[in-house]
Amino acid sequence: MFKSQDYELFSLVLSAVVGLLIGDNFFVLALRERGAGMTLLVSALIPPVTAVIAGIWLGEGLILQEWLGLIITGSGVCLVIAKQAVKVASLRRGLVFAVLLVVSTAVGNVMVKVGGARLEGLAIAVIRLAVAVGVLWLTTALLRRVSVVLRPWPAAHHDRSL
C-alpha cells in the first residue's frame, strides 16, 4: 500500500511539525516561565532522551558507557532542578513546558533519522523548514491570526534624545 519512501517522507514532515513547531513553541514557553538557565539545563536532556526513544522505536542499543552517561546527565539535571524547585515552587508550569520541549524535540530527532536516511543534511533541513513554515502559515490562516505572524513585535519606541 505505502512505499518505504512514502513512510520516510511522512516521518520527515512529521518531524518538522513535532520537532520544530511544537518543540520550539515549548522552548519559548519554558523560557518565559523558567528563564534561560533552567530551560537550557533541561534541554541538556534532549540527547539522552533521543537515545532512549531511538532505542525503543528503532531498536538501537546502547553500550554500558552510554547508559552511564545518560544516568549521570539525568541525575545532574534532576539535582539542580530539585534544588531550584524548593526555592520557586510556583514555576512548575515552566518545568512542564521544558519537559515537553525535550520530549517533542527528541521525538522529532528520531523521526529525522527515519525520514532522512537517504538524504543529505541540507536537503533535510530545507524540507523540514519549508514544512514548518507552511504548517505555521496554514494554521495561522485557519485560526485567522495571520496578523500575529506578520507583526510579532510591538512597535519600538524611539528615543529622540540621543
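Preceding block: the structure.
Residue positions are given per chain, counting from 1 as you read along its sequence in written order. Predicted model: local features are reported for residues with pLDDT of at least 70 only, side-chain atom pairs are reported and counted for 80 or more only, and whole-chain, interface and lining totals are derived from all residues. Here the side-chain values reflect all heavy atoms present in the structure, with hydrogen atoms and water set aside.

**Q** Is there a simple way to explain the pattern of salt bridges in this structure?
**A** For side chains bearing opposite charge, pairing can occur when the charged atoms are close. Here a salt bridge means any side-chain nitrogen of Lys or Arg lying within 4 Å of a carboxyl oxygen belonging to Asp or Glu. Summed over the entire model, instances satisfying the criterion amount to three salt bridges. For R118, the salt bridge is made with E8, and the minimal N-O distance between the two is 2.9 Å. Here E8 lies in helix α1 (residues 4–34) and R118 lies in the loop between α5 (92–115) and α6 (121–142), a separation of 110 residues in the sequence. For each residue, the accessible area found with a 1.4 Å probe, counting protein chains only, is set against the maximum for its type, and the residue is called buried under 20%, exposed over 50%, and partly exposed in between. The class for R118 is exposed, based on a relative accessible area of 51%. The helix count covers DSSP runs of H or I at least four residues long, the strand count covers runs of E at least two residues long, and both are numbered beginning at the N terminus.

**Q** How do you make sense of the nonpolar core when you look at a structure like this?
**A** A general feature of soluble globular proteins is that nonpolar side chains tend to end up buried together. We define the nonpolar core as a collection of buried residues of types Ala, Val, Leu, Ile, Met, Phe, Trp, Tyr and Cys that are connected through side-chain atoms lying within 4.5 Å of one another. In terms of nonpolar packing, the biggest core is built from 12 residues, these being F26, A30, M38, V42, L45, I46, V77, I81, F97, A98, L101 and V102. Top contributing element to this core by residue count: α5, with four residues. Contact criterion: two residues are considered in contact whenever any of their non-hydrogen atoms come within 4.5 Å of each other. Those residues in contact with L45 that sit more than four places away from it in its chain are T73, G74, V77 and V102.

**Q** How should the environment of Y7 be read in this particular structure?
**A** Along the chain, Y7 turns up in helix α1. The partly exposed category is assigned to Y7, whose relative accessible area is 43%. Spatially, the C-alpha atoms of Y7 and G115 are 7.3 Å apart, while their sequence positions differ by 108 residues. The residues touching Y7, leaving out its near neighbours within four places in the chain, are W57 and V114.

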